[in-house]
Amino acid sequence: MIWSLNARPMPGIQFKTNRPVMIFPYDGIALEASWNEYLMGNDRFVADTRLHYKYLKLIYTSPREDIALKFGFHHAAQWAGDSPTNGSQPNNFKSYIKMFFGGGFANQLGMYEFSFQRSLKDNWDLNLTYNYMFETLQGGQLSNLPDGRYSVFLDSRTDRRLVNGVLYEFYYTRNQNILANSNFQNEDYFNHAIYQSGWTNQRRIIGLPFFDYDEKQDAVIGNKFVAHHIGLSGQFFNYFETYPYQLLLSYIYKDGRHGTYYTPSREVFAGMFSLGI
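As the structure is a computational prediction, the values presented were derived from the model and not from experiment.

S.K.: Even after reading the chapter, I still don't get a nonpolar patch on the surface, so can you show me in this structure?
M.R.: Where nonpolar side chains cluster on the molecular surface, the patch consists of Val21, Ile23, Phe24, Leu58, Phe71 and Phe114 and spans about 520 Å² of accessible area. Ranked by the residues each element gives to the nonpolar patch, the list is headed by strand β2 (residues 21-24), at three residues. Positionally, Ile23 belongs in strand β2.

S.K.: I keep staring at the packing of aromatic side chains and nothing clicks. Help me out?
M.R.: Aromatic ring pairs are reported here in terms of the distance separating the ring centres and the angle at which the planes meet. Across all of its chains, the model carries 28 aromatic pairs by this definition. The interplanar angle of 35 degrees and the centroid separation of 6.3 Å between the aromatic rings of Phe71 and Tyr112 together place this pair among those described as tilted. With Phe71 in strand β5 (residues 67-79) and Tyr112 in strand β8 (residues 107-120), this residue pair connects regions lying 41 residues apart in the sequence. On the numbers, 6.1 Å between centres and 40 degrees between planes, the contact of Tyr150 with Phe170 is tilted. Of this pair, Tyr150 sits in strand β10 (residues 148-156) while Phe170 is found in strand β11 (residues 165-172), placing the two residues 20 residues apart along the sequence. In this structure, Lys54 packs its charged tip against the face of Phe100, placed 3.9 Å from the ring centre.

S.K.: How do you make sense of helix α1 (residues 93-100) when you look at a structure like this?
M.R.: For the α-helix, the turn length of 3.6 residues means that residues three or four positions removed from each other point alike. What α1 keeps buried is the set Ser95, Tyr96, Met99 and Phe100. End-on, the buried residues of α1 take up no more than an arc of 140 degrees, which puts them together on one face. Against β3 (29-39), β4 (50-61), β5 and β8 lie the buried residues of α1. Its side-chain oxygen 3.4 Å from the backbone nitrogen of Lys94, Asn92 forms the N-cap of α1.

S.K.: Just checking my understanding: could you explain the side chain of Ser115 for this structure?
M.R.: With respect to the secondary-structure elements, Ser115 resides in strand β8. The buried category is assigned to Ser115, whose relative accessible area is 18%. Beyond its immediate sequence surroundings of up to four residues, Ser115 is in contact with Ala68, Leu69, Lys70, Leu128 and Thr129.

Scoring rules and cut-offs
Throughout, residues of each chain are indexed from 1 in the direction in which the sequence is written. In view of the model being predicted, local features appear only for residues whose pLDDT reaches at least 70, and side-chain atom pairs are presented and counted only at 80 or more, with totals across whole chains, interfaces and linings using the full set of residues. Side-chain numbers come from the whole structure's heavy atoms, not from hydrogens or water. Note on patches: the residues involved have over 30% relative accessible area and no salt bridge, like charges join within 9 Å, and the nonpolar side chains Val, Leu, Ile, Met, Phe, Trp and Tyr join within 5 Å. The protein chains shown are the only cover counted for residues, whose accessible areas, like all others here, come from Shrake-Rupley with a 1.4 Å probe. We define a salt bridge as a contact between a side-chain nitrogen of Lys or Arg and a carboxyl oxygen of Asp or Glu at a distance within 4 Å. Secondary structure elements follow DSSP: runs of H or I of four or more residues count as helices, runs of E of two or more count as strands, with numbering from the N terminus. By convention, a stacked pair of Phe, Tyr or Trp rings (six-membered ring in the case of Trp) has centres within 6.5 Å and planes under 30 degrees apart, an edge-to-face pair has planes over 60 apart, and any other such pair is tilted. Either the NZ atom of lysine or the CZ atom of arginine qualifies as a charge over a ring when it sits within 6 Å of the ring centre and within 35 degrees of the ring normal. Throughout, exposure labels follow a simple rule: accessible area from a 1.4 Å probe, protein chains only, divided by the maximum for the residue type, with under 20% read as buried, over 50% as exposed, and the rest as partly exposed. The directions considered for the arc run from the helix axis to the C-beta atoms. Whether two residues touch is decided by their heavy atoms; if any such pair falls within 4.5 Å, the residues are in contact. Counted as a polar contact is a pair of N or O atoms within 3.5 Å, where, for protein atoms, one must be capable of donating a hydrogen and the other of accepting one, and residues adjacent in sequence contribute only when both atoms are in side chains.

Just distances and angles here, no functional claims.
See the structure below:
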């Protein structure tokens, strides 16, 4: 939800586990982790912005290995750089440590991830996932609920099927902390007062492309929406050849932003079909 294939990759360095690392083998508990540092370049409001990204995931696997539970925390932050209105932003080691632990001067973005996986009959796996995103301390205390991504995915461990994958995702971002009872602070997903290009790279949204970016304003102008997304994958095949296909369909109802609404609201339908020959 916060990092998709919608934008170009950034130059940087990454350290990560290439498989779950068992910390309590007899209890089936493992960890996955990643630590990343990127350069975002000059084609943005704050030139030479740096991007820090990390995640930590705790995984439990049942003794029969047919059930897996996962809880993850993702953290991203834009920091440093040279702003035309606010000057050079803090960029020393002390500032990095403050940013690393969620310091307030950077453009912070967080996400919780909960998932359940169950092995089914006939080589199928069922995956249920919920992603919750936030940009403030209050949002990190779940005040943005029910915002997030709700996902159901049926995945076949056998590729040679007419249908080997079925996906349904529901996205909701219309709260953004407005239901909190006091001291309202609009999360305004993917935007920031100092880092005004927001959660973008090379004029493209880094995260879910259902968010709307405007090049003239160099800002995210639409982050309040409801969306349904369906995906199918499989293979057409005969004795000699296989032809993999993928079908994606999306419907998005967009409101704009809190305080800057679309008039009228927008309905967007999108689709894609690919076939490998």
